[in-house]
Amino acid sequence: MEPERITAATRILLDDPEQELLFSAASIWEVSIKRGLGREDFRVDPGVLRRGLQVNGYIELAVTPEHAVIVAALPRIHKDPFDRMLVAQSIAEGMLLLTSDPVLAQYPGPVRLIS
């Protein structure tokens, strides 16, 4: 999502110093794969993206076997395996997943739709 499209309420949440902001290794993996396939919407260099997130205080969340097991138990609401992994990670880690994807937001648990 482009920064200018983030609502004021979401910006307040993201800017709150009490909030721990994380990014998933699965997201970097997805960018790597889709960029490698030549997708026009994935032109960012995954290494630059990762470093940018780290420099801005985001914490990297690795993919674990526990996360993979939870993916298998998720209802088949969303077909994208990377998005399903993000939901599994949010469940396993007890953290809120913010998404602009209304389909992904249909999962039960700590998933919130932002616009």
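Note that the coordinates shown come from a computational prediction; the quantities given were computed from them, not determined experimentally.

A. Fine view of the pattern of salt bridges. Considering all chains together, one arrives at seven salt bridges under this definition. Between Asp15 and Arg11 there is a salt bridge, with the nearest N and O atoms lying 3.5 Å from each other. Taken as a pair, Asp15 and Arg11 lie in helix α1 (residues 8-15) at a separation of four residues, close to a single helical turn. The partner of Arg43 in a salt bridge is Glu40, and the shortest N-O contact between them spans 3.7 Å. Taken together, the salt bridges that share partners define one network made up of Glu30, Lys34 and Asp80.

B. Seen up close, helix α5 (residues 81-93). Over its 13 residues, α5 runs 18 Å from end to end, which matches the ideal 18 Å to within 8%, given 1.5 Å per residue. Taken as a whole, α5 has its buried residues at Phe82, Asp83, Arg84, Met85, Leu86, Val87, Ala88, Gln89 and Ser90. Against the buried residues of α5 lie β1 (22-24), α2 (25-36), β2 (59-61), α4 (65-73), β3 (97-99) and β4 (111-113). Near the N-terminus of α5, the side chain that reaches the backbone nitrogen of Phe82, with its oxygen 2.7 Å away, is that of Asp80.

C. Just α2, in detail. For α2, which comprises 12 residues, the first-to-last C-alpha distance of 16 Å matches the rise-based estimate of 16 Å (1.5 Å per residue) to within 8%. For α2, the full list of buried residues reads Ala26, Ile28, Glu30, Val31 and Lys34. Against the buried residues of α2 lie β1, α3 (46-55) and α5. Backbone nitrogen of Ala26 and a side-chain oxygen of the N-cap are separated by 2.9 Å at the start of α2; the cap is Ser24.

D. The arrangement of the nonpolar core in detail. In terms of nonpolar packing, the biggest core is built from 12 residues, these being Ala26, Ile70, Val71, Leu74, Met85, Leu86, Val87, Ala88, Leu97, Leu104, Tyr107 and Val111. Going through the elements one at a time, α4 and α5 are the ones with two or more residues in this core. Here the element with the most residues in this core is α5; it accounts for four residues. In contact with Ile70, other than residues within four places in its own chain, are Ala88, Ile91 and Ala92.

E. Molecular detail of a nonpolar patch on the surface. Among the surface-exposed residues, Trp29, Ile33 and Leu37 lie close enough to one another that they form a single nonpolar patch of about 350 Å² accessible area. Within the secondary structure, Ile33 sits in helix α2. We classify Ile33 as partly exposed; its relative accessible area is 35%.

F. Seen up close, the packing of α4 against α5. Interaxial distance between α4 and α5 falls to 8 Å at its minimum, and their mutual angle equals 115 degrees. Compared by their axis directions, α4 and α5 come out roughly perpendicular. Considering how the two elements wind past one another, α4 and α5 form a crossing that is right-handed. Together, Glu66, His67, Ala68, Ile70 and Val71 of α4 and Arg84, Met85, Ala88, Gln89, Ile91, Ala92 and Glu93 of α5 make up the contact between the two elements.

Rules and cut-offs
- Residues numbered from 1 in each chain as written.
- Predicted model: local features only at pLDDT ≥ 70, side-chain atom pairs only at ≥ 80, totals over all residues.
- Heavy atoms only, no water.
- Salt bridge = Lys/Arg side-chain N within 4 Å of Asp/Glu carboxyl O.
- Helix = DSSP H or I, 4+ residues; strand = E, 2+ residues; numbered from the N terminus.
- Expected span 1.5 Å × (residues − 1).
- Buried < 20%, exposed > 50% of the residue type's maximum accessible area, 1.4 Å probe, protein only.
- Contact = heavy atoms within 4.5 Å.
- Polar contact = N/O pair within 3.5 Å; in protein donor to acceptor, adjacent residues only side chain to side chain.
- Core = buried A, V, L, I, M, F, W, Y, C linked by side-chain atoms within 4.5 Å.
- Patch = residues over 30% accessible without salt bridge, like charges linked within 9 Å, V, L, I, M, F, W, Y side chains within 5 Å.
- Areas by Shrake-Rupley, 256 points an atom, 1.4 Å probe, with all protein chains shown as cover.
- Axes fitted to C-alpha atoms, helices over the stretch in contact; angles between N-to-C directions.
- Parallel < 35°, antiparallel > 145°, perpendicular 65-115°, else oblique.
- Left-handed = near helix turned anticlockwise from the far one by under 90°.

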